[in-house]
Amino acid sequence: MWNQLRFAAANFSRSRRFTTVNPGPCIIHKRGADILHDPWFNKDTGFPLTERDRLGLRGLLPPRVISFEQQHDRFLDSYRSLEKNTQCQPDNIVSLAKWRILNRLHDRNETLYYRVLIDNIEEFAPIIYTPTVGLVCQNYSGLFRRPRGMYFSAKDKGEMMSMIYNWPAEKVDMIVLTDGSRILGLGDLGVQGIGIPIGKLDMYVAAAGINPRNILPVMLDVGTNNEKLLEDRLYLGLRQRRLEGEEYLEIVDEFMDAVYARWPKAIVQFEDFQMKWAFETLKRYHKRFCMFNDDIQGTAGVALAGLLGTVRAQGRPLSDFVKQKIVVVGAGSAGLGVLKMAIQAVSKMTGCSELAAKSQFFLIDKDGLITTERNNLDPAAAPFAKNPRDIEGLTEGASILEVVKKVKPHVLLGLSGVGGIFNEEVLKAMRESVSTKPAIFAMSNPTMNAECTASDAFKHAGENIVFASGSPFENVNLGNGKVGHVNQANNMYLFPGIGLGTLLSGAHLITERMLQAASECLASYMMEEDILNGILYPSISCIRDVTAEVGAAVLRAAVEEELAEGQGDVGPKELAQMSKEETVEYVRSNMWFPVYSPLVHEK
Ligand SMILES: NC(=O)C1=CN([C@@H]2O[C@H](COP(=O)(O)OP(=O)(O)OC[C@H]3O[C@@H](n4cnc5c(N)ncnc54)[C@H](O)[C@@H]3O)[C@@H](O)[C@H]2O)C=CC1
Ligand SMILES: CC(=O)C(=O)O
Ligand SMILES: [Mg+2]
């Protein structure tokens, strides 16, 4: 499975997409101006004259009908003008202005919004997702215009079962839930963290074709410990400290019970919870509900695929993964998730115990190298703590620099949330790596929290490195026509496929085997030639194709585990009979694609 290679299917060209899709009619119960104010049905100037007559829209729009393609181009023109007019302004101002123009379209006309997003995903992902989404969350109270998603607060205790019915959609497939306690590497942003579920679900629509009518971003507002927000008069969340212990869990329990009472088939993705609650809720719910934690499990799968890619990039067989020395900086939900999955992979490859598989991995947190001698060792990190006997020349709390100098690792991987900690000295020390192509993964988000920049990595660690970051950086010009390739090691390559594959499988749980299948699929996606050039992950522009493959891998794993119940006319038997290629096609054919449907009014 690991060394199976695949070509990315070619994307449809834009012009072809504009002419080939023939949507079925869509029943609507509204008329007139109400339709124009409903972003789901609104076509702006795109309503054909006959439809304007039928729906009571005549006279409510300028007379000329503009085609979908023209509307698309018109939006891009105004976006380009904005870029031109803001050229001399600070980056943050420009990014927020870009987010605003996209958000206004999202609020007005969802079909056009998602079409623009899908067709230009590489350009717009950094606006609706990391890094700009982080800035949006930081400024959320000031940016707030219209609500999106649902808010369940500590004050709603006892009410959630009825509140869930306030959501207007009959069907919800995919929920992304946060409590705002660890938003990217920006810390506790309280209710302002809602931007993350919104951005993740936009990626679900763009990458997995989940129908936007069936998504639900949710904020669980249990307070905030962010002093600045508590004092901010514009802050929109509960002005109280975070609930802790049982009080906290009772709120999450009530929310989960309410969700599954109304939508028993929904999938809940936990996102950006502080570590203790990320692990606790995963343990508490993974055998009861169809849920996963993206930061622990999605990130692990993407990182493992990248780590296996670095072995191939060295021209070595995948079995050499077991010999790679890997230093992980950051012992939080993400770092520990990566270590757990990587160690499981080594154990599986060698047939050795997980205990034996650990020897090549080193874990560092804010207090340095984690060993069994650590006072108050976090129980979650304990399984990965080094025995001092096994690390000659290193002691408890050794710095990143000391560890890199001593271990000379093949890979230095950061999930610390601390910008710049892979400093010049650390990066220069990576020149002594035992690998022919040392790998540096600066996976923390957003950009300013990356452990190092791409240009610093190539400048200080050398041109032969493989580089990946959580947020996008430009490729680095190394001179003489050479390019230092920047990979984006972000869980966005997996979570859409995990969600879609699970949904289509009809499984009621997401198992380790399904998550592993997702990672294996991503790991085997790239061609040898690309990998040897340091390209570990596919381009975001073919994210739908990646998601179709990942979704199919997840679905097939669910079938193998006899968890698949199917959905609609496609039951478990039909799923089990599909070949691999047919499964990919099945997943692809279930992706929603934005086109204007003829609207038919029904009273
Ligand atoms: N690229 C991707 O797909 C993903 C990236 N992330 C990023 O990873 C970062 C961490 O996320 P979590 O693990 O959930 O956070 P967390 O708060 O649970 O863990 C952070 C860890 O970093 C350690 N740390 C803090 N300062 C340090 C320092 N100076 N030196 C070494 N270690 C230090 C802490 O001790 C802690 O163990 C965030 O920036 C997040 O955006 C998280 C998930 C996915
Ligand atoms: C990408 C992501 O999930 C994070 O930075 O938390
Ligand atoms: Mg996250």
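Just so we're clear, the structure is a prediction, and the values are computed from it rather than from any experiment.

1. Thoughts on the overall build of the protein
A count of helices and strands for the protein gives 26 helices and 16 strands. Over its C-alpha atoms the protein spans a radius of gyration of 24 Å, differing by no more than 12% from the 25 Å that the globule rule assigns to 603 residues. Counting the 603 residues in the protein, one finds 60% classified as buried. For the protein, restricting intrachain contacts to residue pairs at least 6 apart in sequence, the fraction spanning at least 24 positions comes to 73%. Surface accessibility of the protein: about 25100 Å² in total, with carbon and sulfur atoms responsible for 51%. Of the charged side chains in the protein, 66 are positive and 72 negative, and the gap between their average positions amounts to 4 Å.

2. Regarding the sheet that holds strand β4 (residues 215-221)
Spatially, five strands are ordered β2-β4-β3-β5-β6 in an open sheet, and the strand pairing comes out parallel. Pairing within the sheet leaves two strands with one partner each, and these edge strands are β2 (150-153) and β6 (291-293). The sheet shows a mean angle of 20° between the axes of neighbouring strands, taken without regard to direction. In this sheet, β4 lies alongside β2 in parallel orientation, the contact comprising four bridges.

3. Concerning the UniProt feature "binding site: (S)-malate" (unreviewed entry) in the protein
Those places that UniProt annotates as "binding site: (S)-malate" (unreviewed entry) correspond, in this numbering, to R182, N445 and N490. The residues contacting N445, other than those within four sequence positions of it, are T130, L184, G185, G470, S471 and N490. Relative to the assigned elements, N490 resides in the loop between β15 (486-488) and α21 (495-505). When residues no more than four places from it in sequence are discounted, the contact partners of N490 are Y129, T130, V302, N445 and G470. Looking at N490, its side chain comes within polar contact range of the main-chain oxygen of G470, at 2.9 Å.

4. With respect to the coordination of the magnesium ion (ligand 3)
Those protein atoms acting as donors to the magnesium ion (ligand 3) are E271 (OE), D272 (OD) and D295 (OD), and they sit at 2.0 to 2.1 Å. For the magnesium ion (ligand 3), the single-chain donor residues occur in sequence as E-D-x22-D. Remark: D295 occurs in helix α15 (residues 294-313) and E271 occurs in the loop between β5 (267-270) and α14 (275-285); sequence separation between them is 24 residues. Judged by its relative accessible area of 1%, E271 is buried.

5. Overview of the pattern of salt bridges
Taken as a whole, this structure holds 38 salt bridges when the rule is applied. Its salt-bridge partner being R148, residue D107 comes within 2.7 Å of it at the nearest N-O pair. Note that D107 is positioned in helix α5 (residues 91-108) and R148 in the loop between α9 (140-143) and β2, a separation of 41 residues in sequence. Overall, R148 belongs to the buried group, its relative accessible area being 18%. The partner of K428 in a salt bridge is E424, with the nearest N and O atoms 2.7 Å apart.

6. Topic: the UniProt feature "domain: Malic enzyme NAD-binding" (unreviewed entry) in the protein
The UniProt entry lists residues 296-559 under the feature "domain: Malic enzyme NAD-binding" (unreviewed entry), expressed in the numbering used here. End-to-end, the C-alpha atoms of residues 296-559 are 24 Å apart, and along that stretch the chain is 41% helix and 12% strand.

7. Concerning the packing of helix α13 (residues 245-262) against α14
Interaxial distance between α13 and α14 falls to 12 Å at its minimum, and their mutual angle equals 50°. By the criterion of interaxial angle, the relationship of α13 to α14 is oblique. Crossing hand, α13 versus α14: right-handed. In this structure, α13 contributes G245, Y248, L249, V252, D253 and M256 to the contact, and α14 contributes W277, E280, T281, R284 and Y285.

8. Describing the layout of surface pockets
Empty space within the largest pocket amounts to approximately 1200 Å³. Lining the largest pocket are 43 residues, and of these P126, P472, F473, E474 and Q488 lie nearest its centre. Put simply, the parts of the chain that give the lining of the largest pocket at least two residues each are α4 (68-85), α5, α7 (121-128), α8 (132-138) and β15. Taken together, the residues of the lining of the largest pocket break down into 23 nonpolar, 12 polar and eight charged.

9. So, the sheet that holds strand β11 (residues 439-442)
Read from one edge of the open sheet, seven strands run β9-β8-β7-β10-β11-β12-β15, paired in mixed fashion. Lying at the two open borders of the sheet, with one neighbouring strand each, are β9 (368-369) and β15. Sheet analysis places strand β7 (residues 326-329) next to strand β10 (residues 411-414), joined by four bridges and oriented parallel. Within β10, the residue paired with I326 across the bridge is V411. Of the strands in this sheet, β7, β8 (361-365) and β10 are in contact with helix α16 (residues 333-350), which crosses β8 at around 175°.

What counts, and at which threshold
- Residues numbered from 1 in each chain as written.
- Chains lettered and ligands numbered in written order.
- Predicted model: local features only at pLDDT ≥ 70, side-chain atom pairs only at ≥ 80, totals over all residues.
- Heavy atoms only, no water.
- Helix = DSSP H or I, 4+ residues; strand = E, 2+ residues; numbered from the N terminus.
- Rg over C-alpha atoms; globule rule 2.2 N^0.38 Å.
- Buried < 20%, exposed > 50% of the residue type's maximum accessible area, 1.4 Å probe, protein only.
- Contact = heavy atoms within 4.5 Å.
- Areas by Shrake-Rupley, 256 points an atom, 1.4 Å probe, with all protein chains shown as cover.
- Lys, Arg positive; Asp, Glu negative; His and termini not counted.
- Charge placed at Lys NZ, Arg CZ, Asp CG, Glu CD.
- Pairing = 2+ DSSP bridges.
- Axes fitted to C-alpha atoms, helices over the stretch in contact; angles between N-to-C directions.
- UniProt positions renumbered as here; feature names shortened; annotations may be inferred.
- Polar contact = N/O pair within 3.5 Å; in protein donor to acceptor, adjacent residues only side chain to side chain.
- Donors = N, O, S within 2.8 Å, 3.2 Å for Na, K, Ca; no water.
- Salt bridge = Lys/Arg side-chain N within 4 Å of Asp/Glu carboxyl O.
- Parallel < 35°, antiparallel > 145°, perpendicular 65-115°, else oblique.
- Left-handed = near helix turned anticlockwise from the far one by under 90°.
- 1 Å grid on protein atoms, 1.4 Å probe; cavity = no way out; pocket = protein on both sides within 12 Å on 5 of 7 lines; lining within 4 Å.
- Points joined across faces, edges and corners; volume = space filled by probe spheres on them.
- Nonpolar A, V, L, I, M, F, W, Y, C, P; charged D, E, K, R; others polar.

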